[in-house]
Amino acid sequence: MNVSDLILDFLAAQKVDRVFLMTGGHVSFLLDHLWGRTDIGYVCVAHEQAAAMAADGFSRMRPESIGVAVATSGPGAANLLTGIGCSWFDSIPALFLTGQVNSYESRGQRQVRQIGFQEMDIIGMARPITKWAATVDAPENILWHLEKAVHVAKSGRPGPVLLDIPMDFQRQDVDPDKLPHYQPEGEAAEVPADLDALVRRCAELLQRAERPAILAGGGVRNAQATGELRELAERLRMPVCLSMNGIDAFPHDHPNYAGFIGVYGNRGGNFTLANSDLILAVGSRLDSRQTGVDTSKFARFAKKIVVDIDARELGARFQPDIAVPCHARVFLRALLEALPREAGPDRAPWLARVARWREKYPPCPPEYRNTAAINPYLFLEELSARLGPEDTVVLDTGQNMVWGTQVLQPRGNMRMWTAGGMSPMGYSFPAAMGAGFAKPLGRAVCVIGDGGMQINIQELETVKRHGLPLSIIVINNGSLGLIRQFQDDYLGSRYVGSTTSHGYTTPDFVKVAEAYGIPALRITRPDQVAGGLERALSAAGPMLLDVQVEKGCNVIPKALMQHPMEDQFPYIELAEFLEQMIVEPIDPATYRIKS
């Protein structure tokens with residue numbers, strides 16, 4: 001059997017029905033064996049970075065399978081790296097296959113830069129952002145490498161893996177019955193030996209607490225534990241806050257939903273954590289965007305239980321009261337087993353307080369309505385109302401990402417995410433493309449800024465070729481808005497490289513889309529929003545909607561540097577702020593700036 005056929009058979013057995021690729025000389029033999037196959041197909045992209053990001057999006061939608069991207073050696077492999085980083089930081093399993101020069105052309109251990117054409121040490125480059133990266137060392141070891149790659153990608157804390165395959169190996173024959181198989185090696189356990197004791201301690205604290213809250217991160221979604229999270233919240237009558245990476249781990253229309261938290265979080269979510277007496281954080285590493293740089297200011301009166309599959313994350317920034325190194329779903333199931341079957345303590349007053357915060361501090365306040373220009377908060381509120389329960393939304397980075405996480409409300413089977421750790425501009429377009437291929441049910445929606453749209457704009461050709469039902473919504477404020485806002489806040493409004501008068505410009509996205517043969521529409525007034533969204537969300541194939549939003553509109557609220565998360569800027573009146581605090585607040589006079 002040919003090695004390339006064996007690779008493709010293996011992928012098909014992993015329920016991979018397509019790979020994302022850009023062809024090249026050193027993968028030509030592998031790709032040639034896709035010819036005529038019906039069990040596995042391919043999507044040709046226009047840039048390898050898009051292939052990597054599409055594979056990331058595919059994996060997020062198809063946990064029973066794995067996203068795969070293929071690229072040639074040298075520049076092709078190097079172009080994968082940003083997308084690989086997205087999977088690495090967000091713990092997404094993905095498989096990256098790169099071609100390499102013939103084994104007899106390799107420089108090996110010789111201290112020269114290159115021998116074979118386009119030879120490059122992609123393993124050395126990829127190793128810091130992969131769980132495992134290796135060059136296949138012999139044709140007869142191909143199955144061992146494939147089996148190890150997928151096992152490593154999906155076990156423990158998930159993440160990307162990369163296999164580099166010399167070109168001469170791709171065209172050789174092997175006897176599949178004589179190939180060695182991979183036997184899993186000793187790895188960090190997904191379940192600690194003292195789990196039962198830890199769970200009992202957690203259960204006792206949770207039942208005694210008066211104002212407990214759950215903080216769910218991306219690990220809950222990655223562990224496919226959203227059902228267990230909901231059952232726990234309902235049984236213990238606890239509010240649920242979400243991190244950016246966990247934004248679709250709990251339905252936003254559920255009465256126990258408290259809000260998105262952190263620097264750019266909803267005020268209600270931050271008030272919930274600040275006033276709680278116990279936080280159960282599951283699948284979140286509690287980074288500085290959630291707690292602030294000074295962790296002593298975060299939820300000062302709350303005991304903290306932190307559950308993370310990666311024991312190295314526990315205590316990395318502060319020491320939890322209980323640290324549980326465990327798979328999120330395993331922990332939640334064990335906790336549910338340990339708790340009484342009947343409903344937990346009566347926390348109606350606490351849940352009512354949380355609900356009042358959500359109502360009092362909506363992400364789209366009244367003053368944003370009836371404006372002459374399109375306000376992004378109001379636009380996204382309208383988009384949220386029109387999304388269906390099977391739709392998928394991928395947010396880019398910058399202001400569009402923050403507005404989206406603040407306003408959009410996942411519910412039903414909706415999915416929504418951004419590449420929260422790597423957070424590259426241009427991610428959401430190819431990632432939404434990958435999601436669209438992974439899940440035919442529902443519509444894929446890419447929300448992206450005018451800056452991000454220029455990074456992977458070439459993939460308009462890909463979605464046009466496939467007729468993918470993808471809505472590309474460009475939130476266009478003619479600037480790199482989050483950088484411009486930072487320059488306003490901290491750099492004296494010196495807009496180097498962020499605005500149209502200081503080095504940054506944008507094309508006419510409608511004309512660009514139409515040049516690719518994709519229908520496009522520009523809207524500039526609030527009365528055009530409903531009609532524009534109706535067209536964009538109902539198009540049979542791809543469509544681009546250029547939403548010209550109010551220039552200079554900022555992300556609000558936002559916790560400023562050295563501020564506690566619960567007192568975000570623009571400040572609410574001091575008396576009103578103090579009224580929201582059940583616990584003793586940090587004295588606002590020590591940090592509030594005078595406007």
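Residues numbered from 1 in each chain as written. Predicted model: local features only at pLDDT ≥ 70, side-chain atom pairs only at ≥ 80, totals over all residues. Heavy atoms only, no water.

J.: What am I meant to see in the overall build of the chain here?
T.: The helix and strand tally for the chain stands at 24 helices and 18 strands. For the chain, the C-alpha radius of gyration of 25 Å lies close to 25 Å, the compact-globule estimate for 595 residues. Overall size of the chain, expressed as C-alpha extent along the three principal axes, is 75 × 60 × 45 Å. Burial analysis of the chain (595 residues in total) assigns 58% to the buried set. By sequence separation, contacts in the chain at least 24 residues apart represent 75% of the contacts at least 6 residues apart. (Helix = DSSP H or I, 4+ residues; strand = E, 2+ residues; numbered from the N terminus. Rg over C-alpha atoms; globule rule 2.2 N^0.38 Å. Buried < 20%, exposed > 50% of the residue type's maximum accessible area, 1.4 Å probe, protein only. Contact = heavy atoms within 4.5 Å.)

J.: In this structure, what is going on with the packing of aromatic side chains? I would like to understand it.
T.: The geometry of two aromatic rings is summed up by the distance between their centres and the angle between their planes. Enumeration over the complete set of coordinates arrives at twelve aromatic pairs. Measuring from centroid to centroid gives 6.1 Å for Tyr377 and Trp403, while their planes differ by 65 degrees, and the two rings are edge-to-face. Of the two residues, Tyr377 sits in helix α16 (residues 376-386) while Trp403 sits in helix α17 (residues 399-407), which places them 26 residues apart along the sequence. On the basis of an interplanar angle of 85 degrees and a centroid distance of 5.1 Å, the ring pair of Phe569 and Tyr571 is categorised as edge-to-face. A relative accessible area of 28% places Phe569 in the partly exposed class. Grouping aromatic residues by their ring pairs yields a cluster made of Phe271, Trp350, Trp357, Tyr361 and Phe577. Positioned above the aromatic ring of Phe29, the side-chain terminus of Arg171 is 5.0 Å from the ring centre. Between the NZ or CZ atom of Arg592 and the centre of the ring of Phe577, over which it lies, the distance is 5.6 Å. (Phe/Tyr/Trp six-rings, centres within 6.5 Å; stacked < 30°, edge-to-face > 60°. Lys NZ or Arg CZ within 6 Å of the ring centre and 35° of its normal.)

J.: Quick question: what am I supposed to make of the nonpolar core here?
T.: Here is a general trend for soluble globular proteins: nonpolar side chains tend to be buried in one another's company. In this structure, Leu280, Val324, Phe331, Leu335 and Phe379 are the most contacted members of the largest nonpolar core, which totals 75 residues. Beyond its immediate sequence surroundings of up to four residues, Phe331 is in contact with Leu195, Val199, Cys202, Leu280, Val307, Val324 and Cys326. If you look at the next biggest cluster of nonpolar residues, it comprises 55 residues, including Met61, Ala431, Phe437 and Leu470. (Core = buried A, V, L, I, M, F, W, Y, C linked by side-chain atoms within 4.5 Å.)

J.: Honestly, the sheet that holds strand β10 (residues 278-282) in this entry has me stumped. Any pointers?
T.: An order of β9-β8-β7-β10-β11-β12 is seen for the six strands of this open sheet, with the pairing classed as parallel. Two strands close off the open sheet at either side, each with one partner strand: β9 (257-260) and β12 (322-325). Ignoring which end each strand starts from, the neighbouring axes of this sheet average 15 degrees apart. Pairing of strand β7 (residues 212-216) with strand β8 (residues 240-242), which is carried by three bridges, proceeds in the parallel orientation. Along β8, the bridge assignment pairs Ile214 with Val240. Across the sheet, helix α11 (residues 226-236) lies against β7, β8 and β10, angled at about 170 degrees from β7, the strand it touches most. (Pairing = 2+ DSSP bridges. Axes fitted to C-alpha atoms, helices over the stretch in contact; angles between N-to-C directions.)

J.: Hey, could you run me through the side chain of Ser59 in this one?
T.: If you trace the backbone, Ser59 turns up in helix α3 (residues 48-61). Ignoring sequence-local partners within four residues, the contact set of Ser59 consists of Ile66, Gly67, Ile92, Pro93 and Ala94.

J.: Please explain the pairing of strand β4 (residues 94-100) as it appears in this structure.
T.: A regular strand carries its side chains on alternate faces of the sheet. Buried residues dominate β4, accounting for seven of its seven residues. The alternating pattern of β4 places Ala94, Phe96, Thr98 and Gln100 on one face and Leu95, Leu97 and Gly99 on the opposite face, and all of these are buried. With five bridges joining them, strand β3 (residues 67-71) and β4 adopt parallel strand pairing. Each bridged residue has a counterpart across the sheet, and for Ala71 the counterpart in β4 is Thr98.

J.: It is not clear to me how the pattern of salt bridges should be interpreted in this structure. Could you clarify?
T.: Working definition: two side chains of opposite charge can pair if their charged atoms are close together. One pass over the full model with this rule turns up 29 salt bridges. Of the charged contacts, one joins Asp17 and Arg62 as a salt bridge, the two residues approaching to 3.6 Å between their closest N and O atoms. With Asp17 in the loop between α1 (3-13) and β1 (18-21) and Arg62 in the loop between α3 and β3, this pair connects stretches of sequence that are 45 residues apart. With a relative accessible area of 28%, Asp17 lands in the partly exposed category. With a shortest N-O distance of 2.9 Å, Arg60 and Asp90 are connected by a salt bridge. Here Asp90 lies in the loop between α5 (81-89) and β4 and Arg60 lies in helix α3, a separation of 30 residues in the sequence. Here Arg60 and Asp90 have matching classes, each one buried. Ionic contacts of the salt-bridge type, sharing partners, join the residues Asp17, Arg18, Arg62 and Glu64 into one network. (Salt bridge = Lys/Arg side-chain N within 4 Å of Asp/Glu carboxyl O.)

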